[in-house]
Amino acid sequence: MATAAPPAPPATPQLHGVQPLRAGEGNSYLWRKLHSLTGIVPIGAFLVEHIISNFETLNGPLAYAQQVKFLNSLPLVRILEWGLIFIPLAFHALYGLFIAVRGRSNVNVYPWAGNWMYLSQRVTGVIAFLYIIQHVWRQRFAGVSLPENPGAAFHKVQVELSNPWMLAIYVVAMIATSWHFAYGIWLFAAKWGITPGEKARKKFGYVCGVVGTALCLMGLASIWAVVYKYPNAPENVLPEQPAGVVLPASQTSSPISDPSFVQK
Amino acid sequence: MAQSTIKVEIKRQSSPGAAAVTEKFEIPYRPGMNITSLLGEIALNPVDVAGKATTPVTYDSNCLEEICGSCAMLINGKARMACSALVDKLEQPITLAPLSKFPVVRDLAVDRSVLFENLKKVKAWVPIDGTYDLGPGPKQAPQIQEQRYPLSNCISCTICMEVCPQFNDATGFVGAATIAQTKLFNMDPSGSVLKEERLRALAGDGGIQECGFAQNCVQACPKQLPLTEAISDMGRDVFVQQVKDLFAR
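Quantities reported herein were computed from a predicted structural model and do not represent experimental measurements.

About the criteria used
- Residues numbered from 1 in each chain as written.
- Chains lettered and ligands numbered in written order.
- Predicted model: local features only at pLDDT ≥ 70, side-chain atom pairs only at ≥ 80, totals over all residues.
- Helix = DSSP H or I, 4+ residues; strand = E, 2+ residues; numbered from the N terminus.
- Buried ≥ 20, exposed ≤ 12 C-beta atoms within 10 Å, placed from the backbone.
- Contact = placed C-beta atoms within 7 Å.
- Domains from an automatic or database assignment.
- Nonpolar A, V, L, I, M, F, W, Y, C, P; charged D, E, K, R; others polar.
- Pairing = 2+ DSSP bridges.
- Axes fitted to C-alpha atoms, helices over the stretch in contact; angles between N-to-C directions.
- Core = buried A, V, L, I, M, F, W, Y, C linked by C-beta atoms within 7 Å.
- Parallel < 35°, antiparallel > 145°, perpendicular 65-115°, else oblique.
- Left-handed = near helix turned anticlockwise from the far one by under 90°.
- pLDDT = per-residue confidence, 0-100.
- Expected span 1.5 Å × (residues − 1).
- Arc of directions from axis to C-beta.

1. Details of the overall build of chain A
Each helix and strand in chain A was counted, giving nine helices and zero strands. Seen in sequence order, chain A has helices and strands lined up from the N terminus as α-α-α-α-α-α-α-α-α. Buried residues in chain A amount to 28% of all 264 residues. When contacts within chain A are restricted to residue pairs at least 6 apart in sequence, long-range pairs at least 24 apart make up 80% of them.

2. Points about the overall build of chain B
In terms of helices and strands, chain B carries eight helices and seven strands. Here chain B holds 249 residues, and the buried ones make up 46% of them. At a minimum sequence separation of 6, the contacts of chain B that also span at least 24 residues come to 64%.

3. Considerations on the domain arrangement of chain B
You can read the domains of chain B as domain 1 (5-110) and domain 2 (113-248). A per-class count over the side of domain 1 of chain B that touches domain 2 of chain B returns seven nonpolar, three polar and two charged.

4. As for unusual backbone geometry
A cis geometry characterises the amide bond from A:V41 onward to A:P42, with omega recorded as 5°. Within the fold, A:P42 resides in the loop between helix 1 (28-40) and helix 2 (43-54). The omega torsion of the bond from B:Q92 to B:P93 falls at 0°, within 30 degrees of zero and hence cis. The residue B:N76 is not glycine, and still its phi comes out positive at about 50°. Residue placement: B:N76 occurs in the loop between strand 3 (72-75) and strand 4 (78-81). A count of 16 C-beta atoms within 10 Å places B:N76 in the partly exposed class. In this structure, B:T158 takes a positive phi of about 70° despite not being glycine. Relative to the elements of secondary structure, B:T158 occurs in the loop between helix 3 (142-152) and helix 4 (159-162).

5. Here's the deal with the sheet that holds strand 2 (residues 21-28) of chain B
All names here are of chain B. If you walk across this open sheet you meet the five strands as 2-1-5-3-4, and the pairing is mixed. Pairing within the sheet leaves two strands with one partner each, and these edge strands are strand 2 and strand 4. For this sheet, the mean inter-axis angle between neighbouring strands, taken without regard to orientation, is 35°.

6. With respect to the interface of chain B and chain A
Accessible area lost when the parts come together is the quantity often used to give the size of an interface. Facing 43 residues of chain B, the contacting portion of chain A comprises 36 residues. Of all the elements in the fold, those that place two or more residues in the side of chain B that touches chain A are helix 2 (113-121), helix 6 (195-201), helix 7 (216-220) and helix 8 (227-248) of chain B. No other element matches the seven residues that helix 8 of chain B contributes to the side of chain B that touches chain A. For the side of chain B that touches chain A, the per-class residue count stands at 14 nonpolar, 19 polar and 10 charged.

7. Looking at the nonpolar core
By size, the foremost hydrophobic cluster in this structure holds 96 residues, and its most contacted members are B:M73, B:C160, B:A180, B:L202 and B:L227. The element contributing the most residues to this core is helix 7 (residues 164-191) of chain A, with 12 residues. The next biggest cluster of nonpolar side chains, apart from the first, holds 11 residues, and it includes A:A152, A:A153, A:V157 and A:A225.

8. Remarks on the packing of helix 2 of chain A against helix 8 (residues 198-229) of chain A
Residues and elements named next belong to chain A. Direction vectors running N to C along helix 2 and helix 8 enclose 40°, while the axes themselves pass 8 Å from each other. With respect to their mutual orientation, helix 2 and helix 8 come out oblique. At the point where helix 2 passes helix 8, the crossing takes the left-handed sense. Counting all contacts with helix 2, which are made through V48, I51 and N54, the residues of helix 8 involved are L215, M218, G219 and S222. Taken together, the residues that form the contact of helix 2 with helix 8 break down as four nonpolar, three polar and no charged.

9. Observations concerning the confidence of the model for chain B
If pLDDT is low for a region, its predicted coordinates should not be looked at in detail. Per-residue pLDDT for chain B averages 95, and the proportion of residues at 70 or more is 99%. The ipTM, which scores confidence in the relative placement of chains, is 0.94 for this predicted complex, and the corresponding pTM is 0.90.

10. Structural notes on helix 2 of chain A
Residues and elements named next belong to chain A. Under the 1.5 Å per step criterion, the end-to-end length of helix 2 is 16 Å for 12 residues, consistent within 8% with the ideal 16 Å. Listed in full, the buried residues belonging to helix 2 are I43, G44, L47, I51 and N54. In an axial view of helix 2, the angular spread of the buried residues amounts to 100°, which keeps them on one side of the axis. Tucked into the core, helix 2 has its buried residues touching helix 1, helix 4 (77-102), helix 7 and helix 8.

11. Quick word on the pairing of strand 4 of chain B
All names here are of chain B. Bridge analysis of strand 3 against strand 4 gives four bridges, and the strand direction is antiparallel. Within strand 4, the residue paired with A72 across the bridge is M81. Taking the residues that link successive antiparallel strands as the turn, the strand 3-strand 4 hairpin has two residues, and the phi of N76 there is positive, at about 50°.

12. Quick look at the environment of A:G205
Residue and element names in this part refer to chain A. Positionally, G205 belongs in helix 8. Exposure remark for G205: the 18 C-beta atoms within 10 Å place this residue in the partly exposed category. Remark: the alpha-carbon pair of G205 and K69, spanning 136 residues in sequence, is separated by 36 Å.

13. Observations concerning the environment of B:V193
Within the secondary structure layout, B:V193 lies in the loop between helix 5 (176-186) and helix 6. The spacing of B:V193 and B:C221 is 28 residues in sequence and 29 Å in space, taken between C-alpha atoms.

14. Comments concerning the environment of A:L220
Residue and element names in this part refer to chain A. Turning to its location among the elements, L220 is positioned in helix 8. Along the sequence, L220 and H16 sit 204 residues apart, while their C-alpha atoms lie 50 Å from each other. Ignoring sequence-local partners within four residues, the contact set of L220 consists of V171 and M174.

If you want it as C-alpha cells, here you go:
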C-alpha cells in the first residue's frame, strides 16, 4: 500500500503581463460611463450654449451684454453654474486625464484613421483642459466680475484678445474643443451602441463633422467680431447690475403707496 | 535580377527572464515562402549570418493555414500571422519579434493565457453539460446564423489585443476578442441562458468600458471579424443590463 501523499495539484501559474478581466469587481464602469455621459450633457450642451451666446458678439457689445445679463438672471444661476458646468467639467477633465495617461498610443506602428482619432481625442482634450483652466480663471473669477457687470463682458474679452499670443491660444483652443466635442459625440454613439453598424457610424461621422465645423466656425467668427468688427468697445455698456432682484432705490416712496399713483 | 537570399533579423530570448538579443540570418531565396517556412529553413540549418551556430527559433504554430491562431508575431513591427505573411511581399531585412504585450516564453513564443482567462470570465461557452440527455437544441434562424458565423471565425490569435492602445498593464482591458465571443454566445439560442452573467462580467474593472474605439482591432484582425460592431452592440447590452440590475434587482 502506497503511503506517499497524493501529488499536490500544480499551483496556478502566476500570470505575468496584462491581467485578466476583473468580472464583478470595481466601479470603473460607472465612472467611465459618467465620463462619457457628462461629455454630452451637461458639458456638451453647455459648450453649444456658450458658442451660441458668444455669437451675439457679432451684433455688438450691447447685444453681447444683454446675452450675458440674460444668462446671469436665470433662476438659481450659481447652482446651475456649479452643478451643470464646473463640477461635471472638473470631473470630465480629471477622469479624462486619467484615461489618457493609461492609454498606449501606437500610431507610429499602426497609422490608421481610427487610431489617429484616438490620439487626437486625447491631445485635444488636454489642450481644452489647459485652456479652460486659464479661461475660467481669467474671465470668470479674475478681473471685473461679469455677473454683476454684464456690460463689461465685451471689453473684458477684447482686452484679453488684444494680446496676439492669447488670440492664438483662443483660436487653437476653439478648434481643439470643437474637434473634441464632435468626435466625442461620435464616440458616444459608437460606444453606447447607438451606431453599431459600419455604415451607421460612417453616416453619423459626417453629421458630427458638420456639427463640429459649424460650432468651430461660429466660435471663430465670435473671436473675429471681438477683435476686428467692434474695435475699441466701451469699458461698460450697461449700468451696474446688482446681484439679485432689487427695486429701484432712488424714489422717495414706492409707487404702490404713492397717493397720486393710486388716483390714476 | 532575382534576389538570391532573404535577410531576417529575429529578436530572441532564451527564457522568460532572459535579456533579448537580435540574431541575423540570411536564407537562400525560394519563391512563395511565408514566415513559417522561413523559420523552418532556419531550423534546418540554424547558423546565423556570421556563420555562428545557434538554436532553431522557438515559435507557436500548428495549422500553418491561418486557422489555429498560434503563430501571431510582430513581422516588420506589425502584429500578423506568420503563416499568411508572404516573404515576397515583405520589405527586407524582415524583422521578427514576439508580440509585445504578452510575456515571452522563449524567442517568438508568448504566453497568451490572459485571453483564455478572459473567455472563462465571460463564460464563452454553451452550457449543455448535464446528467441526462438534453435533447436537440432550439432551432437557430438563418438570420441569427448569419450574424454569428463571422464572430465564430475568431482564432484567438490575440492580434486585436496586441494592436489595441487600451490593452495594457495600466487598464487590464479585456480586449476585442472576448467581447466578440460574448456576443457570439449571447446570440446562441442555448447559450443565451448565460447572457446576463456575461454582460455583468463585462462591466467589471477592465471591462468593455475601457474600449477607446481606436478601431485597430477591426483593422488588424486576420479573420475580418466585425469587432467594432460587436463592441458597440455589447456596449449597449452591458449598459441596459446595468440599468436593469440597478432598478430591478
